[in-house]
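# Fold and contact review
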Amino acid sequence: MPPRPRRAAAAAVALALLGSLGVSACAGTPAAGTPLTVTLGYFPNLTHAPALVGVEKGAYAAALGQGVQLRTVTFNAGPAALEALNAGSVDITFIGPNPTITGFTRSKGQALRVISGAAANGAALVVSKDITTPAQLKGRRLATPQLGNTQDVALRYWLKEQGFATDTEGGGDVSILPQENATALQAFSAGQIDGAWVPEPWATRLVREGGGHVLVDEAELWPDKKFVVTNVVVRTQFLTEHPEQVKAFLTGLLDTLDGIAADPDGAKKVVNDQLEALTGKGMDAAVLDEAWSKVVFTADPLASTLAEGAAHASAVGLLEQPDLTGLYAVDTLNGLLAERKEKAVSVP
């Protein structure tokens, strides 16, 4: 079984932690006789269940095989994971679409490639019971996991459509306060914020534990009621130098997705145990069942919805309209899907 994930609230913590474990910030081909280390990043979110389950069940370690060591690190949100990826301290990470876009465009298409999807849907704006219409949000305080992450962009774009101005300093018609999901739950319960746009299981927890209600289910905003919430990306250099290890990882991912579909109750237990280990608190069965029902676990990266998300980030001033040519590298994934007689994923 691989080592238990280590929690890192920000990239600096993650990098320091990985350094203490002997993971180089300039990863590349290991010296002769030195085992290859693959460092995997993910978040303590239900939308990252394929990571939580696959790590704990040993699917990735088994697929990578002997002679390859798997290390893990967790993040609160995408920008921190992206910083670690850019530093070479993470090789593969589960991450939201907007940080994916940011990392790709700011590196002029050099830093990363999307090699698979992992999850769709499972994000919502939960607010206090006294807020029943968008108009009542003026002057209120709302949280997102981190400035520029997927939910942060979704909230800012939706508020813009409602006619509200926001800025990155917490000002404007609606104040947006980026903070860790666990902190947002505490702040919401204490009445310090009026709501939050968060992924599952945090949206359900804000409802059940914080006494809020869902004002916006993000899935309802998309034409097909499905949008990418979690992708898997790899450092381009790592993909070039270690294509067989990337293929092995994807084998572990597909095995994990099959396992989740075959035994959702068992997968829920693993996820809950891991969330408790990483955040200090698990969920009761009713919370987990409700949150789980709102997420779709899939290897399809739903590329068209990522492109739309990029347009949203541009519209709220967090990103220039990007050129996403070359973002996807799914030939290996589609080869594995063909071997399993499953439908190939489609990308631009």
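Reference entry: report on the structure contained in this document. (Residues numbered from 1 in each chain as written. Predicted model: local features only at pLDDT ≥ 70, side-chain atom pairs only at ≥ 80, totals over all residues. Heavy atoms only, no water.)

Next up on the list: the overall build of the protein. A tally of helices and strands in the protein yields 14 helices and 12 strands. For 348 residues, the compact-globule estimate of 2.2 N^0.38 gives 20 Å, and the protein sits close to it at 19 Å. Overall, the C-alpha framework of the protein stretches about 60 × 45 × 40 Å when taken along its three principal axes. Looking at the protein as a whole, 55% of its 348 residues are labelled buried. (Helix = DSSP H or I, 4+ residues; strand = E, 2+ residues; numbered from the N terminus. Rg over C-alpha atoms; globule rule 2.2 N^0.38 Å. Buried < 20%, exposed > 50% of the residue type's maximum accessible area, 1.4 Å probe, protein only.)

What follows covers the side chain of T236. Note that T236 resides in helix 9 (residues 236-241). T236 gets classed as buried once you look at its relative accessible area, which sits at 16%. Every residue in contact with T236, bar those within four places of it in the chain, is listed here: Q110, A111, L112 and R113. (Contact = heavy atoms within 4.5 Å.)

Here we come to the nonpolar core. With 94 residues, the main nonpolar core has L40, F94, L125, L137, W292 and F297 as its most contacted residues. Ranked by the residues each element gives to this core, the list is headed by helix 10 (residues 243-262), at eight residues. The next biggest cluster of nonpolar side chains, apart from the first, holds 13 residues, and it includes A184, A196, A203 and L206. (Core = buried A, V, L, I, M, F, W, Y, C linked by side-chain atoms within 4.5 Å.)

So, on to the environment of I193. Positionally, I193 belongs in the loop between helix 7 (181-189) and strand 9 (195-199). Once the C-alpha coordinates of I193 and L177 are considered, the two residues, 16 residues apart in sequence, prove to be 8.6 Å apart. What I193 contacts, discounting residues up to four positions off in sequence, is R141, A143, L177, Q179, A184, A187 and F188.

Moving on to the pattern of salt bridges. Scanning the entire structure with this criterion turns up 14 salt bridges. Here K294 makes a salt bridge to E290, at a shortest N to O gap of 3.3 Å. K294 gets classed as partly exposed once you look at its relative accessible area, which sits at 31%. Using a relative accessible area of 26% as the deciding quantity, one classes E290 as partly exposed. (Salt bridge = Lys/Arg side-chain N within 4 Å of Asp/Glu carboxyl O.)

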